[in-house]
Amino acid sequence: MLSRRLVPISIIILCGTCAALHAAVGAFSGQSVVRVDVKTAAQLKELYSISDALWSCTSGVGQIDVQVTPKQLAALQESGLSFKVWIEDVQPLIDAQFPVTAGGTYHGTYHTLAEINARIQQYVTDHPGIASMVNFGTSLEGRSLLGLRITGPGSAAGRPGFFIHGGQHAREWVSPATMVYIAEWLVTNYGSDPVATRLIDNVEWFILPVLNPDGYEFTWLDLPNNRMWRKNRRDNGDGTFGVDLNRNWGWQWGGAGSSGNTASETYRGPSAFSEPETQAMRDFILAHPNITAYIDFHSYSELILWPWGYTPALSPDNDEFAYAGTQMADRLAAEHNHIYTAGPVYTTIYQTSGGSGDWVYGANAAGRLILAMAVELRDKGETGFLLPPEQIVPTAEENLAAVLILANVIAEPLRVELLSAVPPTLGAGETLTVAVKVTERRETFASNDVSLFYRLSGGALTEASMSGVGGGEFEAVIPPSACGPDLEFYVTAIGDGGGTAGYPAYSPVESVSIDVGREVVEMADDLEAATAWTVGAAGDNATFGVWTRVDPVGTPAQPEDDHTQGAGSMCFVTGQGQPGGGIGVNDVDGGKTTLLSPIFSVLGADSQISYARWYSNDQGPAPNSDQMTVDISNNGGQSWTPVEIVTENAGVWVVHAFTPGELGLAATSQMQLRFVASDYGQGSIVEAGIDDLLVSGVLCQPPNGDANGDGVVDTSDHAAFAACMNGPTGETVPPGCGAFNFDNDANVDMDDFLLFTSMFGQP
Ligand code: 0X9
Ligand code: ZN
């Protein structure tokens, strides 16, 4: 668990000292960020006596990220406090924030306030029918708070409003970048993408990239010395600067989880809404009573948060927040497999008073429910506020998915929830019962008009009316499916005002799809035991970090745990780490290292092959200069076809699944995977891992194992099967035994026996 989960205790240190970070020029070179496991108040004091340069912005007992000089690192080692080196050297990350942009894409790099404002102005110029500039107010230093209004042509009266902003905290650069990306996606996909079109026609969007422009400008000034600035630039009159805008909102303002100390990073200001930036937000939201969703984007920790921040009590609308937050986290994870933790602020991170979401939700509760969220973007602390610019686009993509589903939640005329289970496969000849619950949202629902649309065996779309069974629940049965293509379905409900809603949310653009047939696992290798994997191939020249099957010792670049659920511990990694060791321990150095899977067979070209992979190459002096290639052979390694080139620094295990058919490959019994990790970048840190090779198919065709034709596969078919079993491999299938050659290879053997027994009891 990497996110900051803090237990309230008596001593709470606020990171009022982050300012120390930008005192000296070049202060970052050679400095590390360590993650310390603080268990007691005494340990917290001890840590604080070594270094007070906190990255975690409010900290008590728990995991605390703190920046240390080499000298302080040595002192930490002496102290006996338990910690991990999380970022070995901060300077390269700082440098990587400003790549030379020549030839790069706009979203591949961070931008100044002026560049951001020019960009959004361009969207208005290019899409005047749906986008206009909004001046939300003026900052303390006189900068305009510039953003966008995006909505379909015609009057917006009656459309729910959705307000998102970034940049409340100056140093959290990925949040403005994410806002600009989302705005661009909306304006450029209107009219072509059906989801974009529907959500722009039915929602009035307000997007403000930078809520704290004075602070943001300051982080770009005198680089890199001010890069870690968080607050606005209020002159507090006592030699200190800045109010934490996210402690300045007027709901339970002044309570614990904010500071009255002007030097503190969480200084709440002299009074609620003392700052022009928060005043502008308050006035805008009060003036737009149609706003029913709001997200304040921050970094880092990968969280989806909602009220309350000031109290551990759940808000009266917690179920509704959880309904929206869960869908957001699910849609988000489906993009790049990053799991954002969802929950109320207080219990998920720490207490905050005067935070944005508490006011937006709490102060406006009369007459409307505003789903007021705060999202903490990437990452989980590997690079913190200094997120490498290569991660802007994936961060923005996954959060676009979350934003769209929240827009859908506030726009839906009815809510359609699926009550019935979706099985991973449906047996041929079986029916499927679909049950939904329909709830009134923006429209009433006297019509009870609910339809199930389904497609059998790739045929035509069929509509069936669903019958009400009381309590807003509706049911219908999909007739038996033949073995073959996926069964697809979606549900549509029509409100009394003519609005449609569906399950899944964006149907008919998306539908539920289920394999029809009998799922068989052809191979499942969790690497817990030694199997026929091979390390090394001609041309391998890595001097360190050669593939090895171990229970991994984690480093900031290498996983601590394997991927296997439950009792698993072993996987392949490129070189074992050392307990407490730094990031570069045994990473791949000096060339390439090859890992070959055992040779395996697949049933058909649409069998699914999957493996879990780990890859890290975004740290150290030459980040993102290397890759891991994955290839597959269907002839025992004589020739190879590319599966993927891995450059994604997910920082988590990622399951990659594909079928031989997608790659244009025929299914054979001579399949093999090849994983090559390489280090060619000067001093770059490369760590890779592989686990859980899984091959599964859906068995459809006869042979079905029912040798004596009595209608069921059981032990009465066993004698016939045994008679067909070959001896050693290499023999051919005996005449009349084709019905038992389930995996379609050269013989009837143990592989077929396992498939045969898995069919017992089935027709
Ligand atoms: O402490 C904060 O303001 C936020 N975390 S950050 O590291 N980005 O500074 C958390 C904000 C929680 N949300 C609200 N209280 N609204
Ligand atoms: Zn923040």
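Our subject is the structure listed above.
Summarised in this report is the structure supplied together with it. (Residues numbered from 1 in each chain as written. Chains lettered and ligands numbered in written order. Predicted model: local features only at pLDDT ≥ 70, side-chain atom pairs only at ≥ 80, totals over all residues. Heavy atoms only, no water.)

## A short note on the site of ligand 1
- Near ligand 1, the surroundings consist of 17 residues, among which Arg230, Arg247, Tyr350, Thr352 and Glu376 are the closest.
- Within the side chain of Glu376, one N or O atom sits 2.7 Å away from a nitrogen atom of ligand 1.
- With the chains in place, 99% of the 420 Å² that ligand 1 exposes on its own is no longer accessible.
- According to the grid-proximity analysis, the pocket containing ligand 1 is the largest cavity.
- Listing elements by their share of the shell around ligand 1, those giving two or more residues are β10 (291–299), α11 (356–362) and β13 (371–377).
- Looking at side-chain class alone, the shell around ligand 1 contains 4 nonpolar, 8 polar and 5 charged residues. (Near = heavy atom within 4 Å. Polar contact = N/O pair within 3.5 Å; in protein donor to acceptor, adjacent residues only side chain to side chain. Areas by Shrake-Rupley, 256 points an atom, 1.4 Å probe, with all protein chains shown as cover. 1 Å grid on protein atoms, 1.4 Å probe; cavity = no way out; pocket = protein on both sides within 12 Å on 5 of 7 lines; lining within 4 Å. Sits in = over half its atoms within 2 Å of the grid points. Helix = DSSP H or I, 4+ residues; strand = E, 2+ residues; numbered from the N terminus. Nonpolar A, V, L, I, M, F, W, Y, C, P; charged D, E, K, R; others polar.)

## Focus on the sheet that holds strand β19 (residues 467–470)
- In space, the 4 strands of this open sheet follow the order β14-β16-β20-β19, with antiparallel pairing throughout. Lying at the two open borders of the sheet, with one neighbouring strand each, are β14 (414–418) and β19. Within this sheet the neighbouring strands show an average axis-to-axis angle of 35°, counted without direction.
- Inspection of the sheet shows β14 paired to strand β16 (residues 432–440) by 5 bridges, in the antiparallel sense. Bridge assignment links Leu418 to a residue of β16, and that residue is Val436. (Pairing = 2+ DSSP bridges. Axes fitted to C-alpha atoms, helices over the stretch in contact; angles between N-to-C directions.)

## So, the coordination of the zinc ion (ligand 2)
- For the zinc ion (ligand 2), every protein donor is listed as His169 (ND1), Glu172 (OE), Glu172 (OE) and His298 (ND1), and the spread of their distances is 2.0 to 2.3 Å.
- The sequence motif formed by the donor residues of the zinc ion (ligand 2) is H-x2-E-x125-H. In this pair, His169 is assigned in the loop between β8 (161–165) and α5 (174–189) and His298 in strand β10, connecting sequence segments 129 residues apart.
- Its relative accessible area of 3% is what places His298 among the buried residues. (Donors = N, O, S within 2.8 Å, 3.2 Å for Na, K, Ca; no water. Buried < 20%, exposed > 50% of the residue type's maximum accessible area, 1.4 Å probe, protein only.)

## Description of the layout of surface pockets
- The computed volume of the second largest pocket comes to approximately 620 Å³.
- Lining the second largest pocket are 29 residues, and of these Arg331, Gly502, Tyr503, Pro504 and Ala505 sit closest to its centre.
- Elements that contribute at least two residues to the lining of the second largest pocket include exactly α6 (194–201), α9 (318–336), α12 (392–411), β14 and β22 (500–503).
- Among the residues making up the lining of the second largest pocket, the classes are represented as 15 nonpolar, 7 polar and 7 charged.
- Each of domain 1 (9–15 + 109–376) and domain 3 (414–516) gives at least three residues to the lining of the second largest pocket. (Points joined across faces, edges and corners; volume = space filled by probe spheres on them. Domains from an automatic or database assignment.)

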